[in-house]
Amino acid sequence: MVRVWRIVETMATILKSKKRNVGKSVVRIEDRRLTTGRGSFVDDVKRQGTTYCAILRSPYAHARILKVDATAALAHPNVLAVITGEDVRRLSEPVSPYLGAPVLHYCLGVDKVRFVGEPVAAVAATDRYSAVDALELIDVEYEPLPTVLNPLEAMEETSPKLFEELGTNVVWHKRFEFGNVDDAFERADIKFSHELKLHRYTSTPLETFVSTSWFNTGTRILDVWSNTQQAGIMFKYLCRALRLPGHRVRMRVPADVGGGFGLKCGGLPYITITSLLSMKTGRPVTWVETRSEHLTAQGHSAAGVFYIEAAATREGELIGLKIKDVEEEGGYLTWASIHNVGKLAGINGNYRVKNIVYDGYAVATNKAPAVPNRGIGKKGMNFIIERTMDRLADELSLSRVEIRRRNLISKSSFPYETPSGQVYDNSDYERLLDRVLEISDFASFRESALRKAGKEGRYLGMGVTLGIEPGTVNFSYHSTGDAMPLRSGAAEGARVKVESTGKVTVMVGSVSNGQGHETAIAQVVSDELQVDMSDVTVIGEFDTFTSPWTVSSGVYGNKFSALDIGAVIMATRKVKEKMLLIAASKLRTKSENIVIEDGNFFAPSAPDAKMTIGDVADIAYNNLLFLPHGLEPGLEAVHYYSFPEADISSGKGKVRSFLTFASSAHAALVEVDAETGKVTVVKYFVVDDSGNIINPMIVEGQIHGNVAAEASAAILEEMVYDDGGQLLSSTFVDYLKPTVKEMFDIQSEFIPTPSPFTILGTKSVGDGPAIPVLATIASAVEDALSPFGVKIDSMPLTPEKIRNAILGAKRNVAGIPREDSEPDVAARRADLKQT
Amino acid sequence: MKVKCRINGENYETEVEPRLLLVHLLRDNFNLTGTHIGCDTGHCGACTVLMDGKTVKSCMVLAVQANKAEIMTIEGFSERDGELHPIQRAFAENHAVQCGYCTPGMVLSTHFLLMRNSNPSDSDIRNAIEGNLCMCTGYVNIVKAIKSVAASREPDGQSLENR
Ligand code: FES
Ligand code: FES
């Protein structure tokens, strides 16, 4: 009896004392090195004999390259090598769009350039300054060609062709139909159409792209250090471009990367350039992108024009949608069509609408390439459905909140299959909506704002939206519409080792770009093994020679909390199983009788006979004859965790593109100065369901950063080109990033519903909170300007656009036709200075 | 040309080209890589260091201008015993750090503010770090961290400038 009591008591203490770090706002492990300047970013490490690369870029938006003469540059005493288009054609294979567009790109312009800033030659010199000097000594003869900058014009038969071999600028076009759209439009009580437009902008990670390559002529191994977000997928294409076998190429990413946001997914041409130069010189070659190179040529968030027809019942149920999506790809097609299919995947948003036609076009233009930027196509996806909801509300004179309520997917219908084949895991959208209305005091605010409208020229407004936040990519979606995928599924690897001292090291196939992955992993591992977080070292860097990795490895697509954490947990459990076997054999019991508490292994029936994790490790490494019969020495396990439910595209636009679907409700309070057209975000509210959360402090930080970035994209930021295709916003002088002075209050809350599809019930957070911001601010500004009847159809909401819209609305009232004015940087800056 | 200066209390001396920027001198010649580069127009503040007691953007200063100067970079900022300075601690505890690329500049700009103003208002804080861009945090937790250091300063106003 006494013995039984002991057991019960011990169990109770175990439960009580069970260490739990997951779910707590643990201070980050990374911060000690980052606050003291001891981080290690790519350009912080010098290799013996490092040389520096500079890149000559096209001054034309579209031109034929007639001749490149590098003789004078090569004669510069500090220059070691120069490569031109002719060289790369000879020495390398194309770094083709790995996502399916049927054209061949090399790492430098060969024969032709298609946007301002496209690389045409590269230099390696003994110091940074000489490398730049040498660029001026390279003589390039161009034959300028007519340019096409507007995607709608680019679609016309007669427009100049960027890729003559294709015979068209439409590099991808597919039409998919889900449900019965004709029927929906037939039985609808109301139908309407509208046209929306998203602009080019970018998230500008503070650290630019960096690539260091070192072809060691002794080992004949090419060692590459870069801050790419997608080392896994890039590896194969780099090997192909350089004609090197995989075991002679080592790709590494350091533990510290100064932000990514998608902009560092596309650095393959640059890694190829530094590698070719290193193979020529036998010296390490480093290229550090300048800010203006980053703004001019690294790529921008995909801009697009969307034509939408909607059909609804008179009760406000949206029953049919026809969407024509014209996505502008720019002049380099790495990501062509991916923004389209990314958008398609979640096109119904948080709503039930089932009958949808999606007609998507990817169009080449003479501008910088469209690249991932806090999501691929997701901002467009949300903008389309949320603006359509607002429009529908207006058509029916219903409130914008009420219209959403009438269309939301209900709590009881999860898991919910959408028209495009997504399975939404779990959530309570209505509750998110209710809560955001509550914390933003939506109802009473709007009443008083309307009352005060126009006092001292101030117009206040509020917008409220919802959004889904897809997490973990199934690569099959890249080939949506084709039955045969290039790649499919998704997986990440982790290696967990309990060292002979009983301490733990962990390595995963991805690095962090500032999201605190080392901390989150240590939280999870310490819970699994019941050890202190300080006993766990997470090796933050990535290395194709030593990391457990797959083609999906990297930091993108909101995959961390499902795949990376999944791999870490499974690998940890494998090691734990083995430790239990060792402890059980030593303690002469069965492994299922052993528990771990505070780093000790014991059987609750005999709690005094304890082994520390160090004792177990000692047997595993040092006292091998005490291992249970047949058990392999060592305590190390690798696990590759994969997207369990991934499927292959049906060829009809249906594929389970993402594993988890976090969601959130957003509300914004804005003020518009009708005189100057200036929009100010006063306060922003987010109620978020990212599933179970590993570290709330980090997740809240992600919300802040994403909201800030997209709010700035909504009102400040825009990539502006002149008629000749010159980028006018190529430095932080002309491209406006928000300072602390533009920032507003952000209030956020969590209502987590655990995902049934991940081990810890996590969903994802990353780009998520960024997705609905454009639509929320558009809605709020429209609300503020409702006295004028202004409609917001295109972004960004710059002062002159707002002012012109107000003037136009007034003129319309007076019967004078409205003039559209193009954005103009100088005027915008003047406007901002004034205010 | 010769540059001779004191950095973080140590003497440094080297020959440089006249056009070399201070930020490159620190990073490439002296391997003090905690000072970062985020732009080419003096807008981002990632390269902020203290020169003769004042913050400067080291990408806007020539190395030769630092001759005879007293410079402090982030590497010299922690407490002598290796403990984090209260500003660094506040940045970590308030999650004012994401990628950490802006952090050295932010920390030094905060230090320069608190040296002159032990009780800064919200707008003092915003003015002080206006020249430091952060792409990750939306500044929310950075402002919070700075407020928390200011609030927790010992009443006798133990001055930070002597550190
Ligand atoms: S690098 Fe000096 S201000 Fe940006
Ligand atoms: S934390 Fe990344 S730039 Fe500030």
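Not measured: the values here are computed from a predicted model.

**Overview of the sheet that holds strand 26 (residues 600–603) of chain A**
Residues and elements named next belong to chain A. Strand order in the open sheet formed by 3 strands is 25-26-27, with antiparallel pairing between adjacent strands. Looking along the sheet, the strands with just one partner apiece sit at the ends: strand 25 (595–597) and strand 27 (606–612). When the angles between neighbouring strand axes are averaged without regard to direction, this sheet yields 35°. Here strand 25 pairs with strand 26 via 3 bridges, running antiparallel. Its bridge partner lying in strand 26, V595 is registered against F602. Strand contacts of helix 17 (residues 560–586): strand 25, strand 26 and strand 27, with the helix running at about 55° to strand 26, the strand carrying the most contacts. Each of strand 26 and strand 27 is contacted by helix 18 (residues 613–621), which is oriented at about 55° to strand 27, the strand it contacts most.

**Some details on the interface of chain A and chain B**
Facing 51 residues of chain A, the contacting portion of chain B comprises 51 residues. Here chain A packs against chain B, burying approximately 4,200 Å² in sum over the two surfaces, 58% of which is carbon and sulfur. If you sort the residues of chain A by the area they bury against chain B, Y129(A), L206(A) and V740(A) come out on top, with a joint share of 19%. Applying the counting rule to chain A against chain B returns 6 salt bridges. The salt bridge partner of D43(A) is R27(B), with a shortest N-O separation of 3.5 Å. Looking at the side of chain A that touches chain B, the elements with two or more residues in it are helix 2 (31–35), helix 5 (128–135), helix 10 (291–298) and helix 19 (696–715) of chain A. Element by element, the count of residues in the side of chain A that touches chain B is highest for helix 19 of chain A, at 7 residues. A breakdown of the residues in the side of chain A that touches chain B according to their chemical character gives 18 nonpolar, 18 polar and 15 charged.

**Observations concerning the confidence of the model for chain A**
Residues and elements named next belong to chain A. Looking at chain A as a whole, the pLDDT averages 92, with 94% of positions reaching at least 70. When the criterion is pLDDT under 50, residues 1–16 qualifies, and its contacts beyond four places in sequence or with other chains add up to 12 contacts. Predicted confidence is poor over residues 816–835, with pLDDT under 50, and the contacts of this stretch with residues over four places away or in other chains come to 36 contacts.

**Here's the deal with the pattern of salt bridges**
All names here are of chain A. Evaluated as defined, the whole model comprises 64 salt bridges over all chains. Across the pair R33 and D256 runs a salt bridge, and its minimum N-O distance is 3.0 Å. Of the two residues, R33 sits in helix 2 while D256 sits in the loop between strand 11 (249–253) and helix 9 (268–281), which places them 223 residues apart along the sequence. Exposure remark for D256: the relative accessible area of 4% places this residue in the buried category. Taking the shortest distance from any N to any O, the salt bridge between R573 and E528 comes out at 3.0 Å. With R573 in helix 17 and E528 in helix 16 (residues 517–529), this residue pair connects regions lying 45 residues apart in the sequence. Residue R573 is classed as partly exposed on the basis of its relative accessible area of 35%. Here E528 falls in the buried class, since its relative accessible area comes to 13%. Overlapping salt bridges, with partners in common, bring together E386, R387, D390, R391, D394, R400, R404, E782, K791 and D793 in one network.

Reading the values: rules and limits
Residues numbered from 1 in each chain as written. Chains lettered and ligands numbered in written order. Predicted model: local features only at pLDDT ≥ 70, side-chain atom pairs only at ≥ 80, totals over all residues. Heavy atoms only, no water. Pairing = 2+ DSSP bridges. Helix = DSSP H or I, 4+ residues; strand = E, 2+ residues; numbered from the N terminus. Axes fitted to C-alpha atoms, helices over the stretch in contact; angles between N-to-C directions. Contact = heavy atoms within 4.5 Å. Buried area = accessible area lost by both parts, 1.4 Å probe. Salt bridge = Lys/Arg side-chain N within 4 Å of Asp/Glu carboxyl O. Nonpolar A, V, L, I, M, F, W, Y, C, P; charged D, E, K, R; others polar. pLDDT = per-residue confidence, 0-100. Buried < 20%, exposed > 50% of the residue type's maximum accessible area, 1.4 Å probe, protein only.

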